[in-house]
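One letter stands for each residue in the lines below.
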Amino acid sequence: MRLFVVLFAVLAEADVNPEVCVDCDSEDMVLLAHAHVEKHRDSCPEVDALLKDYGEKIGPTGNLFGLGEAWQEVPAFYTWKSYLSAVCQYNKMAVADHVPTFLGESETKVKAMTVVAMMANLKVETLHWTACKERVRMEDGSCPCDKDPDCKGGCSGGKINDYTSEKAKIAGFTITTCNGADAPADGCTDFWGNKVDPKNCWFGRGATQLTWPGNYQGLEAIVQKASSVDLCANPDSICDKDQMAWLTAIAYWQQNSKPWDEAHTFESSLEVIRPADKSANPQREKYYCEWLKALDISPVKPTPRPPMPDHGKTTVKSGEGCWQIADRCCDGQARGHRRRIVWDR
């Protein structure tokens, strides 16, 4: 125990990375990781409150959520440290813009539930934290991963030309370009590093696997403010750093969080993320329930919904197109607002 205290004290004064530890056992590594994360993460009231009550159970590197660690043989893209930094970065901008902060709930328990709900969905969206760019299929439906025995995870259900401005019009989106452009000026590359026809560049990226030009436009302003990068000209910038991949996910959640804010149930988290493919929803719910239990939090039971009427009126919401209206009015049976990722398992 004395050795642990000395190690922590030294790390608190020096810029030491956990991977430099030689001949450390697992308990040493946990301590080293904790000291490293605490020294280098950004600080803000929302994160400090969360970690004060739940940090030990979540773990120093987001262990509860299965996030990667810096000393792995293949360094993980999504890290807990960068997630916490992205939360604080987003909230700093939110305060300046006089809009609600992320994890701004008054109860720390609800903050923890929000993080769990987000992580349970995003772990599935990112193929267990392995994907920033969507592994789209080619136009003929073939998957480049099938030709590489070392490629794990296969391809998504989407094809490279699924998310164009032209198809956004057909799908009923009211915004079908990104700041008036149907293709990014800087172009893009796919998951495998191949240059892509610019009009096909609006495939999934980031922790929410953001797709469609209109959805990229919805996050353009916050990316511009955070990094001075024009997202509409360079959508690949989401995957330049994991903090940006987290930041766009947080911003997307905040833009669509009303169902969660009102109910705080697993079902309401799905209304925020809106996965068109529902086959992986049981896996999302499994993570959600297991992680809440690990934090000693009881999940909120959903309120039964009244039966859907077979006729009536509805108010069209800002930004909705035909498919989105049909999906809402028909209880999710129509095509989803965003083309979601269907990964081969």
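Further up the page is the structure itself.
Heads up: these notes are all about the structure in this document. This is a predicted model, so every value here is computed, not measured.

About the criteria used
- Residue indices begin from 1 for each chain and proceed along its sequence in written order.
- In view of the model being predicted, local features appear only for residues whose pLDDT reaches at least 70, and side-chain atom pairs are presented and counted only at 80 or more, with totals across whole chains, interfaces and linings using the full set of residues.
- Side-chain numbers come from the whole structure's heavy atoms, not from hydrogens or water.
- We count a salt bridge whenever a side-chain nitrogen from Lys or Arg sits within 4 Å of a carboxyl oxygen from Asp or Glu.
- Strands here are runs of E lasting at least two residues and helices are runs of H or I lasting at least four, both read from the DSSP assignment and numbered beginning at the N terminus.
- Exposure categories follow from relative accessible area, calculated using a 1.4 Å probe and restricted to protein chains: below 20% of the type maximum is buried, above 50% is exposed, and the middle band is partly exposed.
- We call a set of buried residues a nonpolar core when its members are Ala, Val, Leu, Ile, Met, Phe, Trp, Tyr or Cys and they connect through side-chain atoms within 4.5 Å of each other.
- Contacts are residue-level and defined by heavy atoms, with any inter-residue pair within 4.5 Å sufficient.
- Between N-to-C directions, angles span 0 to 180 degrees; the directions come from axes that are lines fitted to C-alpha atoms, helices contributing only their stretch in contact.
- Should an angle lie under 35 degrees it is considered roughly parallel, over 145 roughly antiparallel, and from 65 to 115 roughly perpendicular; all remaining angles are considered oblique.
- Handedness of a crossing is defined here by the sense of rotation of the near helix relative to the far one, left-handed for an anticlockwise turn of less than a right angle and right-handed for a clockwise turn.
- Put simply, Ala, Val, Leu, Ile, Met, Phe, Trp, Tyr, Cys and Pro go in the nonpolar bin, Asp, Glu, Lys and Arg in the charged bin, and everything else, Gly too, in the polar bin.
- Note on ring pairs: Phe, Tyr and Trp rings are taken, using the six-membered ring of Trp, and paired if centres are within 6.5 Å. Classes follow the plane angle, with under 30 degrees stacked, over 60 edge-to-face and the rest tilted.
- Two limits define a charge over a ring: the Lys NZ or Arg CZ must be within 6 Å of the ring centre, and within 35 degrees of the ring normal.

Some points on the pattern of salt bridges
Moving on, step 1. Enumeration over the complete set of coordinates arrives at eight salt bridges.
Moving on, step 2. Taking the shortest distance from any N to any O, the salt bridge between Arg284 and Glu125 comes out at 2.7 Å. With Arg284 in helix α11 (residues 281-294) and Glu125 in helix α5 (residues 108-125), the pair connects residues that are 159 residues apart, well separated along the chain.
Moving on, step 3. For Arg284, a relative accessible area of 2% translates into the label buried.
Moving on, step 4. Of the residues examined, Glu125 reaches a relative accessible area of 1% and is grouped as buried.
Moving on, step 5. Here Lys286 ties to Glu290 by a salt bridge, and the two come within 2.8 Å at their closest N and O atoms. In this pair, Lys286 and Glu290 both sit in helix α11, four residues apart, roughly one turn of the helix.

What about the nonpolar core?
Moving on, step 1. Core analysis: the largest hydrophobic core is formed by 77 residues, its most contacted members being Phe65, Trp80, Tyr83, Phe102, Met119, Trp246 and Tyr288.
Moving on, step 2. Within the residue set of this core, elements represented by two or more residues are α3 (45-58), α4 (80-97), α5, α6 (165-171), α7 (213-227), α8 (242-255), α10 (266-273) and α11.
Moving on, step 3. Top element by residues in this core is α5. It accounts for ten residues.
Moving on, step 4. With sequence-adjacent residues up to four places away left out, Phe102 is seen in contact with Glu46, Tyr83, Val87, Tyr90, Asn91, Thr114, Met118, Ile250, Trp253 and Gln254.

Examining the packing of α3 against α4
Moving on, step 1. Contact geometry for α3 and α4: axes closest at 11 Å, N-to-C directions at 160°. The angle between α3 and α4 places the two elements in the roughly antiparallel class. At the point where α3 passes α4, the crossing takes the right-handed sense. Residues Glu46, Val47, Leu50, Leu51 and Ile58 of α3 pack against Trp80, Leu84, Val87, Cys88 and Asn91 of α4.
Moving on, step 2. A breakdown of the residues in the contact of α3 with α4 according to their chemical character gives eight nonpolar, one polar and one charged.

Thoughts on the packing of aromatic side chains
Moving on, step 1. Tallying each qualifying case throughout the model produces 15 aromatic pairs.
Moving on, step 2. Measuring from centroid to centroid gives 5.0 Å for Phe65 and Trp291, while their planes differ by 70°, and the two rings are edge-to-face. With a gap of 226 residues between them, Phe65 in the loop between α3 and α4 and Trp291 in helix α11 connect regions that are remote in the sequence.
Moving on, step 3. A relative accessible area of 0% places Phe65 in the buried class.
Moving on, step 4. A relative accessible area of 5% places Trp291 in the buried class.
Moving on, step 5. Seen from their ring centres, Trp80 and Tyr83 are 5.5 Å apart, and the 15° between their planes marks the pair as stacked. Placement of the pair is Trp80 and Tyr83 together in helix α4, with a separation of three residues, close to one helical turn. Note on accessibility: Trp80 and Tyr83 belong to one class, buried.
Moving on, step 6. Through a chain of ring-to-ring contacts, the aromatic side chains of Phe65, Phe77, Tyr78, Trp80, Tyr83, Trp129, Trp246, Tyr287 and Trp291 assemble into a single cluster.
Moving on, step 7. Geometry around Phe203 places Arg205 over its ring, the cationic atom sitting 4.0 Å from the centre.

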